[in-house]
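Coordinate inspection notes
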Amino acid sequence: MIYSENEILQYIEENDVKFVKLTFCGLDGKLKNISVLSSETAAIFERGIRITAGKINGFGAACGRDIFLFPDAGTMTLLPWRPQQGRVIRMFCYIRYADGTPFECDSRYFLKKAMKEAVSKGYCFRFGTSSEFTIFKNDENGLPSKIPHDFAGYCDIAPDDKGENIRRDVCLTLEQMGIHPVSSRHESGFGQHEIDFNASSALKAADTFLSFKSAVKSIAEINGVHASFMPKPLRDACGNGMHIAFNVFPGGDFFEERFTELEGELESAAAGVMKYIREMALFTNSTVNSYKRLGEFSAPRDIVWSDEEEDQLIRMSGGSGDSPIELRAADCACNPYFVLGLMIYASVEGIENKLQLPEKNIGIERLPMNLEEAADCAERSEFLKRYIPKSALEQYIIEKRSEWKEYSAAYDKEAFEDQKFFYSL
């Protein structure tokens, strides 16, 4: 259910809501929030609430100016894992300056703008995600270990699959939040699981993805285990990826018969994503650990497409189903607002320029080999500069080059990755 601001104020009064979490996304895709007493909600709807940009990595573009969170009332949801007395609700927020101007590093606004531009050109996108994570045992001190929660395989059942009840609790929790998973299962790796979601608008898909990650981490902790979305948590096992399926429909003031015309343009949309994927890689694969996953266990490295289930970058299902195009390179460390927004822009350019897919299963380029090469591609990219605000792109590249420098200087690189990603992703 989508609430208006007045309906939220009424909901707070009638449902013993004591705290409101105002949630936003950093450049790196990590959720952050500030909690306020519910009695402050009406005032915050009107004037927002100030946060300190200088304390958030990548938000240096504010240059000392005040920035404010403004809640999006349509995203209000109850957090089911919090107490039922003195309840807690959450809303995603946009970030603005004091004069109401959007903050350049607000990735959620970036995606909203991409959606509007696509509709203005006659295209509407829908996205669905399939995301993997690995569950690990905690040690005797209650701290996460690198021992998988089970040793089951693809689609195995209990008792081999020891995460069955955790996945069930996650799905039921998401349903209480108004989010409806399609399916869940044990994946190929030890302790590895996947939950899939139907296609929805780009903004809802990105919000759903972040809500899903938060629910998985919280439910795992309640069950005394550790869930990690780290792209490659175990060196000799399957990594955790995120497959992004999408479709293009007529949008704006277009007649229904235009849909037939669009069906012939899906390949051009996919070709657009393929054309710019090396430049987008710093966003789809945003950590040094991300590049350890690519090229292994069916995770793509070559920029190829196919209509079969292989290790291709793009899978085309021949126009069938709700989401006939699937990008298979991304991982769950990404900022979904940037990734989906860039996919929209790349697809629209592909359609407008009538780009053609190369020959099936023939790759002439590869994804970047590491984070440094990805940063080089992003820095040279005219495509990224067309759409991402200059200050935001510069800040993002600075952050990623700093990460690469720290990694390169680390004596024990595996320990560096574990410390930086295993516990937090």
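Residues numbered from 1 in each chain as written. Predicted model: local features only at pLDDT ≥ 70, side-chain atom pairs only at ≥ 80, totals over all residues. Heavy atoms only, no water.

1. Quick word on the nonpolar core
F59, F127, F283 and I314 are the most contacted members of the largest nonpolar core, which has 135 residues in total. Among the elements that make up this core, the one with the highest residue count is helix α7 (residues 266-284) (12 residues). Not counting residues up to four positions away in its chain, the partners in contact with F127 are N198, A199, S200, A202, A205, I244, A245, F246, L340, M343 and I344. (Core = buried A, V, L, I, M, F, W, Y, C linked by side-chain atoms within 4.5 Å. Buried < 20%, exposed > 50% of the residue type's maximum accessible area, 1.4 Å probe, protein only. Helix = DSSP H or I, 4+ residues; strand = E, 2+ residues; numbered from the N terminus. Contact = heavy atoms within 4.5 Å.)

2. Focus: the pattern of salt bridges
Proximity of charged atoms lets side chains of opposite charge pair with each other. Under the definition given, this model contains 24 salt bridges. The salt bridge involving K18 is made with D16; its shortest N-O contact spans 3.9 Å. In this structure, the salt-bridge partner of K146 is D418, at a minimum N-O distance of 3.0 Å. Of the two residues, K146 is situated in strand β8 (residues 144-148) and D418 in helix α13 (residues 413-422); the sequence distance between them amounts to 272 residues. Relative accessible area serves as the criterion here: at 27%, K146 is assigned to the partly exposed category. Each of the salt bridges in this network shares a partner with another, and the network as a whole consists of R185, E187, E194 and D196. (Salt bridge = Lys/Arg side-chain N within 4 Å of Asp/Glu carboxyl O.)

3. Some remarks on the packing of α7 against helix α10 (residues 371-380)
Where α7 contacts α10, the two axes come as close as 8 Å, and the packing angle between them is 120 degrees. Considering the angle they form, α7 stands oblique to α10. The handedness of the crossing between α7 and α10 is left-handed. Between α7 and α10, the residues in contact are R278, E279, A281 and L282 and L371, E373, A374, A375, C377 and A378, respectively. Tallied by class, residues from the contact of α7 with α10 come to seven nonpolar, no polar and three charged. (Axes fitted to C-alpha atoms, helices over the stretch in contact; angles between N-to-C directions. Parallel < 35°, antiparallel > 145°, perpendicular 65-115°, else oblique. Left-handed = near helix turned anticlockwise from the far one by under 90°. Nonpolar A, V, L, I, M, F, W, Y, C, P; charged D, E, K, R; others polar.)

4. Focus: the confidence of the model for the protein chain
In this model, the protein chain carries a mean pLDDT of 90, and residues with pLDDT of at least 70 account for 95%. Counting interchain partners and residues more than four positions distant, the pLDDT-below-50 stretch residues 253-260 has eight contacts. (pLDDT = per-residue confidence, 0-100.)

5. A short note on a nonpolar patch on the surface
A cluster of nonpolar side chains, contributed by I147, F151 and F190, occupies part of the molecular surface with about 320 Å² of accessible area. If you trace the backbone, F190 turns up in the loop between β9 (181-186) and β10 (192-197). Here F190 falls in the partly exposed class, since its relative accessible area comes to 43%. (Patch = residues over 30% accessible without salt bridge, like charges linked within 9 Å, V, L, I, M, F, W, Y side chains within 5 Å. Areas by Shrake-Rupley, 256 points an atom, 1.4 Å probe, with all protein chains shown as cover.)

6. What about the packing of aromatic side chains?
This structure, assessed with the given rule, holds 24 aromatic pairs. Measuring from centroid to centroid gives 6.2 Å for F125 and F127, while their planes differ by 15 degrees, and the two rings are stacked. Overall, F127 belongs to the buried group, its relative accessible area being 0%. Among the aromatic side chains, those forming a connected cluster through ring pairs are F110, Y276, F283, F338, Y345, F383, Y387 and Y396. (Phe/Tyr/Trp six-rings, centres within 6.5 Å; stacked < 30°, edge-to-face > 60°.)

7. Quick look at the packing of α10 against helix α12 (residues 390-409)
Interaxial distance between α10 and α12 falls to 9 Å at its minimum, and their mutual angle equals 160 degrees. Taken together, the axes of α10 and α12 lie roughly antiparallel to each other. By crossing handedness, the relation of α10 to α12 is classed as left-handed. Of the residues in α12, those touching α10 at L371, E372, A375, D376, A378 and E379 are I397, K400, R401, E403 and W404. Among the residues making up the contact of α10 with α12, the classes are represented as five nonpolar, no polar and six charged.

8. Digging into helix α1 (residues 5-14)
Taken together, the buried positions of α1 are I8, Y11 and I12. One face of α1 carries all of its buried residues, which in axial projection span an arc of 100 degrees. For α1, the exposed residues set more than 90 degrees away from the buried face come down to N6, E13 and E14. Buried residues in α1 make contact with β1 (17-25), α2 (41-47), β5 (77-78) and β6 (87-97). Backbone geometry just after α1 places D16 at a positive phi near 55 degrees. (Arc of directions from axis to C-beta.)

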